[in-house]
Amino acid sequence: SFNLDLPGALAPSVISDNFAGARELTRRILKNSEQRLGRMEPLLFIGGRGSDHNTAERIRGFRAAHEDLGVAVHEENILACGYAPEKAEKALDERALRGNALPKGMFVNSTISLEGVMRWIRRSGHLDDRSLVLGCFDWDPFVTLLGNGIEMVRQDVPGMLNKVFELIESGADKPVVIQVPPLIPEAQEA
């Protein structure tokens, strides 16, 4: 038995380096924010479950990148509300209803959550999508059609599968976690 994409305690695991990928993606979103908006502000993290390994590591990378660039991130900017698009929409609605200012930059934890974020942006009228800076820890070729120069991280699935087959061929059976760096495509033009 082998674990792919999420680590396990009883067998070898091959996963994306969620921390490093999130850290780099967050840096890129923050720098895009500074270039496009003239300032670097804390981002909003939205999507995923805080109790799952991948989301927890992405939040850790998100926080580390803010710290690296000297930007304080507030606890209310972490919305680990689940993956479903409807949950992302609801979390943004609730934040807006509480009167909390909405950041001009967002780190979206998956393309599933991105669907809800984009629906909310279009429906709510709270944000001008031309001044919004987005990044997503997932990859979908159709996202380029949305505009906004959305930054994306692409998990190296072929690289992860190669590592699993290497483990199989080597007869590995002890629990170990192998992290494969994700791919960060070139930034898209807004």
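In case you missed it, the structure is sitting above this.
Residues numbered from 1 in each chain as written. Predicted model: local features only at pLDDT ≥ 70, side-chain atom pairs only at ≥ 80, totals over all residues. Heavy atoms only, no water.

Quick question: what am I supposed to make of the overall build of the protein chain here?
Secondary structure assignment for the protein chain yields 5 helices and 10 strands. Whereas a compact globule of 190 residues would reach a radius of gyration of roughly 16 Å, the protein chain reaches 17 Å, a difference of no more than 12%. The principal-axis extent of the C-alpha atoms belonging to the protein chain is close to 55 × 35 × 30 Å. For the protein chain, the residues scored as buried account for 47% of the 190 residues in total. Looking at the protein chain alone, contacts between residues at least 24 apart form 72% of all its contacts between residues at least 6 apart. Summing over all exposed atoms, the protein chain offers an accessible surface of approximately 9400 Å²; the carbon and sulfur share of this is 52%. (Helix = DSSP H or I, 4+ residues; strand = E, 2+ residues; numbered from the N terminus. Rg over C-alpha atoms; globule rule 2.2 N^0.38 Å. Buried < 20%, exposed > 50% of the residue type's maximum accessible area, 1.4 Å probe, protein only. Contact = heavy atoms within 4.5 Å. Areas by Shrake-Rupley, 256 points an atom, 1.4 Å probe, with all protein chains shown as cover.)

Which parts of the structure should I look at to understand the nonpolar core?
Generally speaking, a soluble globular protein has its nonpolar side chains buried in company with each other. Core analysis: the biggest nonpolar cluster contains 21 residues, and Ile46, Leu92, Met106, Val108, Val117, Ile121 and Leu134 have the highest contact counts within it. Of all the secondary structure elements, the ones that give two or more residues to this core are β3 (44-46), α3 (85-97), β7 (105-108), α4 (111-124) and β8 (133-136). Examining the composition of this core, we find that 5 residues originate from one element, α4, more than from any other. Within the second largest apolar cluster, 14 residues are counted, among which are Leu25, Leu37, Phe45 and Phe107. (Core = buried A, V, L, I, M, F, W, Y, C linked by side-chain atoms within 4.5 Å.)

I keep staring at the sheet that holds β7 and nothing clicks. Help me out?
Pairing between sheet strands relies on hydrogen bonds along the backbone, with the strands arranged either parallel or antiparallel. In space, the 5 strands of this open sheet follow the order β5-β3-β7-β8-β9, with parallel pairing throughout. On the outer flanks of this sheet lie β5 (78-79) and β9 (151-152), each paired with one strand and no other. Where helix α1 (residues 18-37) meets the sheet, its contacts fall on β7, β8 and β9, and the angle it forms with β8 comes to roughly 165 degrees. (Pairing = 2+ DSSP bridges. Axes fitted to C-alpha atoms, helices over the stretch in contact; angles between N-to-C directions.)

What should I look at first to understand α1 in this one?
Since the α-helix advances by 3.6 residues per turn, residues separated by three or four positions end up pointing in the same direction. Look at α1: 27 Å from first C-alpha to last across 20 residues, which is about the 28 Å you get at 1.5 Å a residue. Asn18, Phe19, Gly21, Ala22, Leu25, Thr26, Arg28, Ile29, Leu30, Asn32, Ser33 and Leu37 are the residues of α1 that are buried. Tucked inside the fold, the buried residues of α1 contact β2 (13-16), α2 (53-68), β7, β8, β9 and β10 (177-180). Gly38 sits one or two positions beyond α1 and adopts a positive phi of about 80 degrees. (Expected span 1.5 Å × (residues − 1).)

Sorry, what's going on with the pattern of salt bridges here?
A side chain with one charge can pair with a side chain of the opposite charge if their charged atoms come near. On inspection of all chains with the given rule, the structure shows 15 salt bridges. Across the pair Glu151 and Arg28 runs a salt bridge, and its minimum N-O distance is 3.0 Å. A residue pair is termed long-range when its members are at least 10 positions apart, and Glu151 in strand β9 and Arg28 in helix α1 qualify at 123 residues. We classify Glu151 as buried; its relative accessible area is 3%. The residue Arg123 makes a salt bridge to Glu89 at a minimum N-O spacing of 3.3 Å. Placement of the pair is Arg123 in helix α4 and Glu89 in helix α3, with a sequence separation of 34 residues. What makes Arg123 partly exposed here is its relative accessible area of 46%. For Glu89, a relative accessible area of 13% puts it in the buried group. Each of Glu86, Glu89, Asp93, Glu115, Arg119 and Arg123 takes part in one network of salt bridges that share partners. (Salt bridge = Lys/Arg side-chain N within 4 Å of Asp/Glu carboxyl O.)

Got a minute to help me understand helix α5 (residues 157-170) in this structure?
The end-to-end C-alpha distance of α5, which contains 14 residues, comes to 20 Å, matching closely the 20 Å that a straight helix rising 1.5 Å per residue would cover. In this structure, the buried residues of α5 make contact with β1 (3-4), β2 and β10. The N-cap of α5, judged by a side-chain oxygen 2.9 Å from the amide nitrogen of Gly159 a few residues on, is Asp156. Once α5 finishes, Gly171 follows within two positions and takes phi at roughly 75 degrees, a positive value. (Polar contact = N/O pair within 3.5 Å; in protein donor to acceptor, adjacent residues only side chain to side chain.)

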